[in-house]
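# Structure at a glance
In case you want the letters, here they are:
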Amino acid sequence: MINIAVFCSGFGSNLQAIIRAVKKEKIKASLSLVLSDNKQAYALKRAKKAGIKTATIDPALFKTLEDFDTEALKYLEQEKIDLIVLAGFMRIISPVLINQYKNRILNIHPALLPSFKGTQAIKDAFDYGVKITGVTVHFVDERMDHGPIILQAPVKIDDNDTLGSLEKKIHKIEHKLYPEAIRLFVEGKLKVEGRGVKIV
Ligand code: GRF
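Residues numbered from 1 in each chain as written. Predicted model: local features only at pLDDT ≥ 70, side-chain atom pairs only at ≥ 80, totals over all residues. Heavy atoms only, no water.

Let's shift gears to the overall build of the protein. Helix and strand counts for the protein stand at 6 helices and 9 strands. The C-alpha atoms of the protein give a radius of gyration of 16 Å, which matches the 16 Å a tight globule of 200 residues would have. Structurally, the protein occupies a C-alpha span of about 50 × 40 × 35 Å along its principal axes. Going through the 200 residues of the protein one by one, you find that 48% of them count as buried. (Helix = DSSP H or I, 4+ residues; strand = E, 2+ residues; numbered from the N terminus. Rg over C-alpha atoms; globule rule 2.2 N^0.38 Å. Buried < 20%, exposed > 50% of the residue type's maximum accessible area, 1.4 Å probe, protein only.)

A few words on the pattern of salt bridges. Taken as a whole, this structure holds 11 salt bridges when the rule is applied. We note a salt bridge from Arg183 to Glu180, for which the minimum N-O separation is 3.0 Å. With Arg183 and Glu180 both in helix H6 (residues 163-186) and 3 residues apart, this pair spans about one turn of that helix. Using a relative accessible area of 23% as the deciding quantity, one classes Arg183 as partly exposed. Look at Glu180 and you get partly exposed, because its relative accessible area is 30%. Measuring nitrogen to oxygen at the nearest pair gives 3.0 Å for the salt bridge that ties Glu193 to Lys198. Residue classification places Glu193 among the partly exposed residues on the basis of a relative accessible area of 38%. Through salt bridges with shared partners, one network takes in Lys156, Asp158, Asp161 and Lys169. (Salt bridge = Lys/Arg side-chain N within 4 Å of Asp/Glu carboxyl O.)

Now for a nonpolar patch on the surface. On the surface, Leu65, Ile92 and Met144 cluster together into a nonpolar patch covering about 250 Å² of accessible area. The residue Leu65 is located in helix H3 (residues 65-78) in this model. What makes Leu65 partly exposed here is its relative accessible area of 32%. (Patch = residues over 30% accessible without salt bridge, like charges linked within 9 Å, V, L, I, M, F, W, Y side chains within 5 Å. Areas by Shrake-Rupley, 256 points an atom, 1.4 Å probe, with all protein chains shown as cover.)

Axis separation between helix H1 (residues 13-23) and helix H2 (residues 42-49) bottoms out at 9 Å; the angle between their running directions is 15°. Relative to H2, the element H1 is oriented roughly parallel. Crossing handedness for the pair H1 and H2: right-handed. Counting all contacts with H1, which are made through Ser13, Leu15, Gln16 and Ile19, the residues of H2 involved are Ala43, Arg46 and Ala47. Each residue belonging to the contact of H1 with H2 can be placed in one class, and the counts come to 4 nonpolar, 2 polar and 1 charged. (Axes fitted to C-alpha atoms, helices over the stretch in contact; angles between N-to-C directions. Parallel < 35°, antiparallel > 145°, perpendicular 65-115°, else oblique. Left-handed = near helix turned anticlockwise from the far one by under 90°. Contact = heavy atoms within 4.5 Å. Nonpolar A, V, L, I, M, F, W, Y, C, P; charged D, E, K, R; others polar.)

Moving on, we come to the packing of aromatic side chains. Considering all chains together, one arrives at 6 aromatic pairs under this definition. Aromatic pair Phe11 and Tyr42: ring centres 5.7 Å apart, planes at 20°, arrangement stacked. Of the two residues, Phe11 is situated in the loop between strand E1 (3-8) and H1 and Tyr42 in helix H2; the sequence distance between them amounts to 31 residues. With relative accessibility at 56%, the residue Phe11 sits in the exposed group. A relative accessible area of 40% places Tyr42 in the partly exposed class. Ring geometry for Phe116 and Tyr128: centres 5.7 Å apart, planes at 70°, overall edge-to-face. Within this pair, whereas Phe116 is found in the loop between strand E5 (105-109) and helix H5 (121-128), its partner Tyr128 is found in helix H5, the two being separated by 12 residues in sequence. Judged by relative accessible area, Tyr128 falls into the exposed class, the value being 65%. Members of the aromatic cluster, connected to one another through ring pairs, are Phe7, Phe62, Phe68 and Phe89. When the ring centre of Phe11 is taken as reference, the NZ or CZ atom of Arg46 above it lies at 4.5 Å. (Phe/Tyr/Trp six-rings, centres within 6.5 Å; stacked < 30°, edge-to-face > 60°. Lys NZ or Arg CZ within 6 Å of the ring centre and 35° of its normal.)

The structure is reproduced here in C-alpha cells:
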C-alpha cells in the first residue's frame, strides 16, 4: 500500500477531501502523515480528528529551504512515505525533496496553469477579467507552479460572480479534482513523458 504525506499550512479543506476519499476507499492508500510549517494550521486539527499522525516543523528554526526539507525528509523516511501531496503548503520545495521524490510530489493550483501562477491566483484571474479560469493538479519540479500537468478543470466566471463566489466554485472543483489525481497516481495510471502526463 502506498503511504501518503499531505503538507498543509492552513485551512486544509483539500486535506479533508482527501481524507474523505481515502475513507471511502476511492483512494486505496494510507494517509500516513500530515506535515505543517504552521502549528496553528486548522489542517492539523482535521488530521488529528481523523487519527492521522501529524508533524510540525517551525521554519524559524531553519536557515535555508534545504535545511527545512532535510528535517522534513526525516519524518518522511520514518513513515516510509511514497507520495507527497501539497495542499495549501505555502513554502517552496527545495531540490532536497524534489530529487528524493522525483515525480512523486503533487500540487494543486487554483488557476489554469501556466496562467496566474503565485499565491493569489484566484484574485489575479478575477481582477484580470478572464471569463474562464480553473484548477490544475501537477507534479512539482524545481520551478514554482511549473511541473507536468496531470489534470485541469475549467471554472466559468459569470458576470454576477464576486471574488467570494468564484473562490467557492474553485474550491468545490478542487475537492473533486485532487482526490481524482491522487487516485490515478496511486493506481499507477500516470505516465510522465517530458512535460506531458499520459493517463494509461
Ligand atoms: C487551495 O486553493 C489550493 O489550490 C492552494 O491553496 C489553497 C488551499 O486551501 N494551493 P485548503 O487549505 O486546502 O483549504
